[in-house]
Amino acid sequence: MALQTTQPSEKKSGSPSTGEAEITRLMEQYAEAVSNKDLEEIMSFYAPEVIAFDLMPPLQILGKDAYKKNWSNITQMGESNFSIRDLHVTAGEDVAFSHCLCHMTGQSNSGEKFDSWARQTACYKKVNGQWLIVHENYSVPVDMQADKPLWSLDPDQKTEAH
């Protein structure tokens with residue numbers, strides 16, 4: 001698991017706020033849980049009322065139990081590694097949001113190798129002292145002319161817009 005972070009909103013001292021540091025640690029643990037395919041640990045990051053816009057159907061997922069079905073499919077798809085980079089966190093006392101790039105590599109159960117990038121935005125609420133994800137949106141750019149997702153875009157390669 002690799003995590004490269006940047007913090008856009010920093011105190012005058014140059015260090016992230018307590019909430020931003022807590023969310024950064026949470027996202028480190030999240031990425032590790034996804035890489036380990038630990039379904040119960042993954043689900044521990046979500047509030048019961050989470051609303052998710054995932055890469056897989058349906059269009060909108062309402063609630064932790066419904067979202068667990070999507071995550072269950074992901075944890076059963078073969079060997080993979082999940083990492084996060086360019087994490088940006090903004091946090092108040094009891095609400096926060098983050099966005100980052102997510103990289104997944106591996107091999108499916110059928111032997112097909114994959115190397116894909118996606119974008120993630122998450123909104124958090126602090127409940128009983130614990131940050132929980134209340135909204136999550138995963139997306140991938142689409143080639144509008146070919147009507148195909150662009151899974152292999154690499155953030156380190158400069159490309160022109162389509």
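Everything below is about the structure shown above.
This write-up is about the structure you can find in this document. (Residues numbered from 1 in each chain as written. Predicted model: local features only at pLDDT ≥ 70, side-chain atom pairs only at ≥ 80, totals over all residues. Heavy atoms only, no water.)

1. Topic: the pairing of strand β6 (residues 113–127)
For a regular strand, side-chain orientation follows a simple rule: the groups alternate between the two sheet faces.
Then step 1. As paired elements, strand β5 (residues 95–107) and β6 share 13 bridges and run antiparallel to each other. Opposite Q107, over in β6, you have K113 as the bridge partner.
Then step 2. The turn joining β5 and β6, which pair antiparallel and follow one another in sequence, is formed by five residues; a positive phi near 95° is taken by G111.
Then step 3. Judged from the nine bridges that link them, β6 and strand β7 (residues 130–139) form a sheet pairing that is antiparallel. Looking across to β7, one finds that C123 is bridged to H135.
Then step 4. What sits between the antiparallel neighbours β6 and β7 is a turn of two residues, in which N128 has the positive phi angle 50°. (Pairing = 2+ DSSP bridges. Helix = DSSP H or I, 4+ residues; strand = E, 2+ residues; numbered from the N terminus.)

2. Brief notes about unusual backbone geometry
Then step 1. Residue P57 is joined to P58 through a cis peptide bond whose omega torsion reads 5°.
Then step 2. Positive phi values are uncommon outside glycine, yet D86 reaches one of about 55°.
Then step 3. Locating D86 in the fold gives a position in strand β4 (residues 79–91).
Then step 4. What makes D86 partly exposed here is its relative accessible area of 26%. (Buried < 20%, exposed > 50% of the residue type's maximum accessible area, 1.4 Å probe, protein only.)

3. Considerations on helix α3 (residues 64–75)
Then step 1. With twelve residues, α3 should reach 16 Å at 1.5 Å per residue; the first-to-last C-alpha distance of 16 Å fits that figure.
Then step 2. Burial in α3 covers these residues: Y67, N70, W71, S72, I74 and T75.
Then step 3. The secondary structure elements touched by the buried residues of α3 are α1 (18–36), α2 (39–43), β2 (46–53), β3 (61–62), β5 and β7. (Expected span 1.5 Å × (residues − 1). Contact = heavy atoms within 4.5 Å.)

4. Re the environment of V50
Then step 1. The residue V50 is located in strand β2 in this model.
Then step 2. With relative accessibility at 0%, the residue V50 sits in the buried group.
Then step 3. In the structure, V50 is positioned 74 residues away from Y124 in sequence and 9.6 Å away in space, judged by C-alpha atoms.

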